[in-house]
Amino acid sequence: MITVERLTKQYDDKTILRDVTFRVPEHQTLVIRGESGCGKTTLLRILAGLESMDSGVITINGVEMTDKIPPYRRDLACVFQEATLWNHLRNDENIAFGMNRRDPEKIAQIAQQLQIADILKRYPSEISGGQAKRVALARAFASERSILLLDEPLSNLDRETKLVTLQYLKEEYCGRKTILYVTHDLWEAESLDCEVLAL
């Protein structure tokens, strides 16, 4: 479960987020929708522990998050707009990086669903941006983390691949993990059939 109360973030004299408050119950999905520059990515980075907030309270699974709690202790799997893969690892190794114990069968199953089974033995430099995004998604899906933070997770994907990926997300993870899904796309927001918060 995620609870955010009156979160505010400023850069210099510009307020990016002001008094943002919301709650994502356990195993529920919340879509945060807004145009570019409204602070969606900043919000996720604060939740992940990659940036600090100026004021507010964040609670994740009953524990108040402070700057002393590093990202790896927050029970979160994140997919940001950039795929952020390890270039020295093969794609299957990138997916396994988020797992407590490597499970080749699980990796293969997720890769098959995301239509990236044929690139598992390649390196990130050898694949397209859309494929890299799906490798990053596979890494998040394969992890044992209970919460998914997804920042424009379908960017760089064509319409058909978006449909397949979104359907897989809905069928396999919505209702089983707590998901915060950030997008500017109204179609994506409506397709998830869940609560939408305008930022």
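Preceding this paragraph is the structure being described.
The rules behind each value
- Residues numbered from 1 in each chain as written.
- Predicted model: local features only at pLDDT ≥ 70, side-chain atom pairs only at ≥ 80, totals over all residues.
- Heavy atoms only, no water.
- Helix = DSSP H or I, 4+ residues; strand = E, 2+ residues; numbered from the N terminus.
- Rg over C-alpha atoms; globule rule 2.2 N^0.38 Å.
- Buried < 20%, exposed > 50% of the residue type's maximum accessible area, 1.4 Å probe, protein only.
- Areas by Shrake-Rupley, 256 points an atom, 1.4 Å probe, with all protein chains shown as cover.
- Pairing = 2+ DSSP bridges.
- Contact = heavy atoms within 4.5 Å.
- Axes fitted to C-alpha atoms, helices over the stretch in contact; angles between N-to-C directions.
- Salt bridge = Lys/Arg side-chain N within 4 Å of Asp/Glu carboxyl O.
- Core = buried A, V, L, I, M, F, W, Y, C linked by side-chain atoms within 4.5 Å.
- Polar contact = N/O pair within 3.5 Å; in protein donor to acceptor, adjacent residues only side chain to side chain.
- Phe/Tyr/Trp six-rings, centres within 6.5 Å; stacked < 30°, edge-to-face > 60°.
- Lys NZ or Arg CZ within 6 Å of the ring centre and 35° of its normal.

(A) Representation of the overall build of the chain in the model. A count of helices and strands for the chain gives six helices and nine strands. Relative to the globule expectation of 16 Å for 199 residues, the C-alpha radius of gyration of the chain, 16 Å, shows essentially globular dimensions. Dimensions of the chain, computed from C-alpha atoms along their principal axes, come out at roughly 45 × 35 × 30 Å. When the 199 residues of the chain are sorted by exposure, 48% land in the buried category. A total of about 10100 Å² of accessible surface is found on the chain, and carbon and sulfur atoms cover 45% of it.

(B) Broad picture of the sheet that holds strand E1 (residues 2–11). Read from one edge to the other, the open sheet built from four strands follows the order E2-E1-E4-E5, with strand pairing classed as antiparallel. Strands with a single pairing partner mark the edges of an open sheet, and in this sheet they are strand E2 (14–24) and strand E5 (63–64). Pairing between E1 and strand E4 (residues 55–60): five bridges, direction antiparallel. Across the sheet, Ile-2 pairs through a bridge with Ile-60, a residue of E4. Contacts between helix H1 (residues 40–48) and the sheet are confined to E1, E2 and E4, with E1 contributing the most and set at about 115° to the helix.

(C) Structural detail: the pattern of salt bridges. Counted according to the given criterion, the structure contains eight salt bridges. Ionic pairing is found between Arg-90 and Asp-92, a salt bridge with its closest N-O pair at 3.1 Å. We classify Asp-92 as buried; its relative accessible area is 3%. Measuring nitrogen to oxygen at the nearest pair gives 3.4 Å for the salt bridge that ties Lys-170 to Asp-193. Of this pair, Lys-170 sits in helix H5 (residues 159–172) while Asp-193 is found in the loop between helix H6 (186–191) and strand E9 (195–198), placing the two residues 23 residues apart along the sequence. Overlapping salt bridges bring together Arg-90, Asp-92, Glu-93, Arg-102 and Lys-121 as one network.

(D) Spotlight on the nonpolar core. Among the nonpolar cores identified, the biggest contains 36 residues, and Phe-141, Leu-169 and Tyr-181 are the most heavily contacted of them. Taken together, the elements giving at least two residues each to this core come down to strand E6 (76–79), helix H2 (91–96), helix H3 (104–113), helix H4 (129–142), strand E7 (147–151), H5 and strand E8 (178–183). A per-element tally of this core places H4 first, with eight residues. Excluding its chain neighbours within four sequence positions, the residues that come into contact with Leu-169 are Phe-141, Leu-150, Cys-174, Ile-179, Tyr-181 and Leu-192. Core analysis: the next-biggest nonpolar cluster, separate from the first, contains 25 residues, Ile-2, Ile-46, Ile-58 and Met-65 among them.

(E) Local environment of the sheet that holds E9. Taken in spatial order, the five strands of this open sheet run E6-E7-E8-E3-E9, and their pairing is parallel. At either margin of the open sheet sits one strand with a lone partner, and together these are E6 and E9. In this sheet, neighbouring strand axes are inclined to one another by 15° on average, regardless of whether the strands run parallel or antiparallel. Each of strand E3 (29–33), E6, E7 and E8 touches H1; the most contacted strand, E7, lies at about 150° to it.

(F) Quick peek at the environment of Gly-37. Summarising the element assignment, Gly-37 is placed in the loop between E3 and H1. Using a relative accessible area of 72% as the deciding quantity, one classes Gly-37 as exposed. Put simply, Gly-37 and Ile-16 are 21 residues apart on the chain and 8.2 Å apart in space, counted from C-alpha to C-alpha.

(G) Quick peek at the side chain of Arg-134. Position of Arg-134 among the secondary structure elements: in helix H4. Engagement of the side chain of Arg-134 in a polar contact is seen with the backbone oxygen of Gln-115, the distance being 3.4 Å. Every residue in contact with Arg-134, bar those within four places of it in the chain, is listed here: Leu-114, Gln-115, Ile-116, Leu-157, Thr-161 and Thr-165.

(H) Structural detail: the packing of aromatic side chains. Under the definition given, this model contains four aromatic pairs. A centroid spacing of 5.8 Å and a plane angle of 70° characterise the contact between Phe-141 and Tyr-168, whose relative ring orientation is edge-to-face. In this pair, Phe-141 is assigned in helix H4 and Tyr-168 in helix H5, connecting sequence segments 27 residues apart. Neither residue differs from the other here; Phe-141 and Tyr-168 are each classed as buried. Both rings, one in Phe-141 and one in Tyr-173, keep their centres 4.3 Å apart while their planes meet at 15°; by these two values the pair is stacked. Of this pair, Phe-141 sits in helix H4 while Tyr-173 sits in the loop between H5 and E8, and the two are 32 residues apart along the sequence. Take Phe-141 and Tyr-173: they sit in the same class, and that class is buried. For Arg-159, the ring lying beneath its charged end belongs to Trp-187, and the centroid distance is 4.1 Å.

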